[in-house]
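Observations on the model geometry
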Amino acid sequence: MKITKICCIGAGYVGGPTMAVIAQKCPHIQVTVVDLNKERIDAWNDTDTNNIPIYEPGLSTIVAEARGRNLFFSTNVEQAIDEAQIIFISVNTPTKTYGKGKGMAADLKYIELCARQIAKIAKDNKIVVEKSTLPVRTAEAIKSILDNTGNGVQFQILSNPEFLAEGTAVTDLLNPDRILIGGDESIEGQKAITSLVDVYSNWVSKDKILTTNVWSSELSKLTANAFLAQRISSINAMSELCEKTGANITEVADAIGMDSRIGSKFLKASVGFGGSCFQKDILNLVYIAKSYGLNEVADYWEQIIIMNDHQKKRFSNKIIQTLYNTVADKKITFLGWAFKKDTNDTRESAAIYVANDLISEQAKIAVYDPKVSLKKILADLDYLETRTSVENTNSLTSFDNPYEACKNAHAIAILTEWDEFKDYDWQKIYDSMQKPAFVFDGRNLLNSQQLKAIGFVYQAIGS
Ligand code: UDX
Ligand code: ADP
């Protein structure tokens, strides 16, 4: 099938950047991104592309080029579904917060809603592409809804997991390591795969486009994220051992990373991984394993999450212990709130949990993050439901200026590895703080020797 119109349901961190790049690279295809959230769509349509709702380096330029030409953002979900030959589903699939599988399984209610909507509207054959991370065998559920509630038209379901990392989404999309497309082994399934391969081959070489069956594709996404997260929990486990023994985790990481079988990436010890994928996908994997009675498999992967939670807790405990076992009424400044640099996304950011622990000890938190608003920060804390939103508001504030944020603080905690933190006038910051002045570097970001020479008590993860 020659593809001329694509629709994407969900204008979030995955749908937005992915469709922007497809539109830029395929000017002959009309790409419409739809979302129920009008505020989000309005922001995508803001005349100033610097105000688009998602911050990603390079994204606003691509949106400026393609928007209005062949890239459209709209709340008219029905029309976009009706017109498109390929429909991407990029809605959120959070971990369930209720019922069976609570805290583990993925909540598929948004996916099901999309499937029902597509079934209702479609009047001709469609290719439906799963883009969101989903538990294995979701495609089957989508197919069953489409086939049994639709208007008798044919649907082909493809799994095309997204491997982009936030903060580098644009470069990851432009130069992917691979594109994975899973589809049915039938002739129709293979034709659908070819249609999607043709879209990507506008800028990705054929040898990087892998085709598999649906289940392999779905499971590969979970496996990739589990392996990546496992590396972080492994290095974080070693970081605690380094702190006890006098070894230095950065030196250990460099030493093992030079072994080409291990490789140097994803070996940065940190206050713990965050983001919308790792925890959710591993919990999902654990849930799937348990549901097949594979308890050892489930326990093996669950340990990655246990280690990550421990790392966050360990960081807040270290701050409390070092500050003479009391942080009550002490100002502690967080540099960074996002789950990593170069994104305004805060989902599962370690900062949320560390702040929550410190507020429980009655600390006063001051936050500076170049891309995250106070509204977002407070919403993240409120979501934990540890205390009332008034109590959170009274315990945390944010600043637009990092020097103001650090003034009179007892300690600074680095939660995100934003590059700009390295270039600050640290002497000036030191002079404005309570003494002794502490820096707890949750990212191993700063120059320890420089900070110690100024007079800071400096503690990093893993040394
Ligand atoms: C991840 C996967 O990398 C991506 O392929 C998938 O599509 C979605 O999930 P993302 O969560 O956006 O992407 O960012 P990633 O760069 O993987 O970082 C995740 C978390 O791990 C961040 O909190 C990051 O700071 C942390 N991290 C990463 C470390 O603590 N140490 C490292 O060495 C690498
Ligand atoms: P991700 O990181 O997976 O992209 P986001 O939460 O950033 O997740 O984006 C998902 C988007 O999907 C949200 O903007 C949400 O409003 C949208 N969404 C969820 N369900 C539907 C639906 N049935 N129709 C249209 N949009 C939806």
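The structure displayed is predicted, hence computed values, not measured ones.

Definitions and limits used
Residues numbered from 1 in each chain as written. Chains lettered and ligands numbered in written order. Predicted model: local features only at pLDDT ≥ 70, side-chain atom pairs only at ≥ 80, totals over all residues. Heavy atoms only, no water. Salt bridge = Lys/Arg side-chain N within 4 Å of Asp/Glu carboxyl O. Helix = DSSP H or I, 4+ residues; strand = E, 2+ residues; numbered from the N terminus. Buried < 20%, exposed > 50% of the residue type's maximum accessible area, 1.4 Å probe, protein only. Disulfide = S-S within 2.5 Å. Near = heavy atom within 4 Å. Polar contact = N/O pair within 3.5 Å; in protein donor to acceptor, adjacent residues only side chain to side chain. Areas by Shrake-Rupley, 256 points an atom, 1.4 Å probe, with all protein chains shown as cover. Nonpolar A, V, L, I, M, F, W, Y, C, P; charged D, E, K, R; others polar. Pairing = 2+ DSSP bridges. Right-handed = clockwise from strand over helix to strand, strands pointing away.

**A look at the pattern of salt bridges**
- This structure, assessed with the given rule, holds 24 salt bridges.
- For E166, the salt bridge identified is with R347, shortest N-O distance 3.7 Å. Taken together, the residues span a long stretch of sequence, with E166 in the loop between β6 (155-159) and α7 (169-174) and R347 in the loop between β9 (331-335) and α13 (350-360) at a distance of 181 residues.
- Its relative accessible area of 10% is what places E166 among the buried residues.
- On the basis of relative accessible area, R347 is assigned to the partly exposed category, the value being 35%.

**What about the state of the cysteines?**
- Using the criterion set out here, one finds 0 disulfides in the structure.
- We note that C7 lacks a disulfide partner, and the nearest cysteine sulfur, in C8, lies 6.9 Å from it.
- The thiol of C26 is not disulfide-bonded; the next cysteine sulfur, from C8, is found 14 Å away.

**Some remarks on the site of ligand 1**
- Inspection of the region around ligand 1 gives 20 residues, with F163, E166, S270, K340 and R443 positioned closest.
- In this structure, an oxygen atom belonging to ligand 1 sits 2.9 Å away from a main-chain N or O atom of L164.
- Side-chain polar atom of K340 to an oxygen atom of ligand 1: 2.7 Å apart, as the coordinates give it.
- Protein contact buries 91% of the 660 Å² of open area that ligand 1 shows by itself.
- Examining the composition of the shell around ligand 1, we find that 4 residues originate from one element, helix α9 (residues 214-245), more than from any other.
- Residues of the shell around ligand 1, tallied by class, amount to 11 nonpolar, 3 polar and 6 charged.

**Description of the environment of S260**
- Relative to the elements of secondary structure, S260 occurs in the loop between α10 (249-257) and α11 (278-291).
- Owing to a relative accessible area of 71%, S260 belongs among the exposed residues under this scheme.
- A C-alpha to C-alpha distance of 23 Å links S260 and I304, two positions 44 residues apart in sequence.

**Here we look at the pairing of strand β13 (residues 438-441)**
- Here β13 shows a buried face lined by F438 and F440 and a second buried face lined by V439 and D441.
- Looking at chain direction, strand β12 (residues 411-414) and β13 are connected through 4 bridges and run parallel. Note on β13: the bridge partner recorded for I412 is V439.
- A crossover connection joins β12 to the parallel β13 through helix α17 (residues 426-432); in handedness this β-α-β unit is right-handed.
- Pairing analysis gives 4 bridges linking β13 to strand β14 (residues 457-460), with the strands arranged parallel. Paired with V439 across the bridge in β14 is Y458.

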